[in-house]
Amino acid sequence: MLNSNSSTEIIRVFEDRQMKVNLSQQNLLDLVEMRKVIGENNVIVQADGKLLIKHYIGFIQINKTRLLVYPKIAVGLEEKEEIEKSFGTILKMLSFTKYQSIREIPNAQNISQFNNDLLEFYISIFIKELTKQIQRDINRGYNNRLENQSFIKGKVDFGETIKHNSFRKHLHYVSYDDFNENTLLNRVFKSILEVLITRTKVKRNRVGIKQLLVWMEDIDKTNITNELWDRVVFTRQNSKYKTAFNMAKLFYYNNSPKVADGDVSILSFMIPVNQLFEVYLVELLKRNITENTEVKFQGPIDYLEKIEKKHFLQLRPDISLMRAGEVIRIVDAKYKLILEDDEKLMISQADIYQMLAYSVRYKCNRICLVYPKALTDSDAEFSRAITIENYDQTVSIHVIKIDLEENVDSAGKKLIDMIEGA
């Protein structure tokens, strides 16, 4: 699906789903550049115009091509509804996990104002945060100025005076500190805003940026480099601007895999969807776990084979529930839609073998594979067990599906109940 106007063309696709889109020659060139950001194997463009994006959701814009990638969680709905529900799911997960400091999501009515576009959502948060702080008290600080004056103010720069005023004895180059708004921090904000105003397609965002630029009329632009960010110093007076500063930094550095240097001509926020799902489950468990149980994320690390003090075949469970130093449950997050065929679960053999390896090494016979529930799935709760005889032990692998649309409090309690009942 491709939307276009005279400025930016928007391509909307779903993660891990091959889709036919109408691509211009410029779109194709931009997609080639996007492969360098997302990964060569994660962007597949076929000659007939079919496009496949794997493993990532989010946005990326290069030149005038903006690619929006949605999770496949709402498969089976009409395209417009599927996009809207998928977008709402992204915002909910980002907010709940505080991924990249996202702490709140707008209500359903306001979500529609962003055109289901994650870039526009991020721009709106940045505008809101920066506007809030500027309205309270615009950032000011001391800035060193060097001017050629007929009077003495501050310190005389004799080197510059001799160099430029050898025949103008009444003038002196003077250096002094001036307390004003033209701070380095404000110059960074203004430069980022002038990039964003060329990218946003939402009227509300454009109006917000224009208002900020009016307030910053007397502030100079600056050429932003990697080193410039480290030169910004926060004090007690300007520390309230840290959140806005970090978001500006996000726009500059792109926060994408395989991006070594920031480039404001590229705007991207591509999220490894399986990683976001893992963090979401961790937060649900931490909120609802019993006090004597620890939720261990990405660990504990162990090895399947050890020979003469050398380790081979590293194991790192997504989530482990531990009690008194022992692993009592292993929870593995799999962001896949498992379809049923004659009541048979479509689970890969590789996933089962991986769970058996965990069971052997961690001496844990109760393992849970957690998958997202498709929004069109009629099952309110889903938990099925696969039992495997392992010598004198029985390994129980419970397959659980979790509803990402459900209220996080009730979803967390259900998840705990299913895991503890495994």
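Per an unreviewed UniProt entry, the chain goes by Restriction endonuclease and derives from Petrocella atlantisensis.

## As for the overall build of the chain
Scanning the chain from terminus to terminus reveals twelve helices and 21 strands. Within the span of the chain, comprising 422 residues, buried residues form 48% of the whole. Within the chain, counting contacts between residues at least 6 apart in sequence, those at least 24 apart form 66% of the total. Entry remark: accessible area of the chain is about 21,900 Å², with carbon and sulfur atoms responsible for 47%.

## A closer look at the nonpolar core
Core analysis: the largest hydrophobic core is formed by 95 residues, its most contacted members being L67, L118, Y122, F126, L130 and F189. When residues of this core are assigned to their parent elements, the largest contribution, nine residues, is made by helix α4 (residues 118-136). In contact with F189, not counting residues within four places along its chain, are F126, L130, M216, Y241, A244, F245 and A248. One finds M322, I330, I347 and I352 within the second-largest nonpolar core, a separate group that totals 19 residues.

## Re the environment of N27
Locating N27 in the fold gives a position in helix α1 (residues 25-38). The spacing of N27 and L67 is 40 residues in sequence and 9.7 Å in space, taken between C-alpha atoms. There is a polar contact of 2.8 Å between the side chain of N27 and the side chain of E9. Within the structure, the side chain of N27 is placed 3.0 Å from the side chain of T65, a separation counted as a polar contact.

## Here we look at the sheet that holds strand β20 (residues 382-390)
One open sheet holds the six strands; their spatial order is β12-β15-β16-β19-β21-β20, and the pairing between them is mixed. Looking at which strands have only one partner, the edges of the open sheet turn out to be β12 (294-297) and β20. Strand after strand, the sheet turns through a mean of 25° between neighbouring axes, direction not considered. Note that β20 and strand β21 (residues 393-402) share nine bridges and pair antiparallel. Within the sheet, the bridge partner assigned to F382 lies in β21 and is K401.

## Considerations on the sheet that holds strand β4 (residues 43-45)
Reading across the sheet, the three strands line up as β3-β5-β4 and stay open at both edges, with antiparallel pairing between neighbours. Edge positions in the open sheet fall to β3 (19-20) and β4, since each of these has one partner strand only. Pairing between β3 and strand β5 (residues 50-53): two bridges, direction antiparallel. Considered in β5, the bridge of M19 is made with L51. The strands that α1 touches are β4 and β5; relative to β4, the one it contacts most, it runs at about 155°.

## A word on the environment of S320
For S320, the location among the structural elements is in strand β15 (residues 319-323). Take S320: its relative accessible area is 0%, and that puts it in the buried class. A C-alpha to C-alpha distance of 9.6 Å links S320 and V282, two positions 38 residues apart in sequence. Contact partners of S320, with chain neighbours within four places excluded, come to E294, V295, K296, G299, P300, V327, R329 and I330.

## Some thoughts on the packing of helix α2 (residues 79-97) against helix α10 (residues 273-288)
Two numbers describe how α2 lies on α10: the axes approach to 9 Å, and their chain directions differ by 55°. Classed by the angle they form, the pair α2 and α10 counts as oblique. Where α2 crosses over α10, the two elements pack in a sense that is left-handed. Contacts from K92, M93, L94, F96 and T97 of α2 reach α10 at L276, F277, V279, Y280, E283, L284 and R287.

## Section: the confidence of the model for the chain
Averaged over all residues, the pLDDT of the chain equals 79, while 80% of them reach at least 70. Considering each helix and strand of the chain separately, the mean pLDDT is smallest for strand β1 (residues 2-3), with a value of 44, and largest for helix α7 (residues 203-215), with 91. Below pLDDT 50 for its whole length, residues 255-264 participates in 31 contacts with residues either more than four positions away or in separate chains.

Cut-off values and rules
Residues numbered from 1 in each chain as written. Predicted model: local features only at pLDDT ≥ 70, side-chain atom pairs only at ≥ 80, totals over all residues. Heavy atoms only, no water. Helix = DSSP H or I, 4+ residues; strand = E, 2+ residues; numbered from the N terminus. Buried < 20%, exposed > 50% of the residue type's maximum accessible area, 1.4 Å probe, protein only. Contact = heavy atoms within 4.5 Å. Areas by Shrake-Rupley, 256 points an atom, 1.4 Å probe, with all protein chains shown as cover. Core = buried A, V, L, I, M, F, W, Y, C linked by side-chain atoms within 4.5 Å. Polar contact = N/O pair within 3.5 Å; in protein donor to acceptor, adjacent residues only side chain to side chain. Pairing = 2+ DSSP bridges. Axes fitted to C-alpha atoms, helices over the stretch in contact; angles between N-to-C directions. Parallel < 35°, antiparallel > 145°, perpendicular 65-115°, else oblique. Left-handed = near helix turned anticlockwise from the far one by under 90°. pLDDT = per-residue confidence, 0-100.

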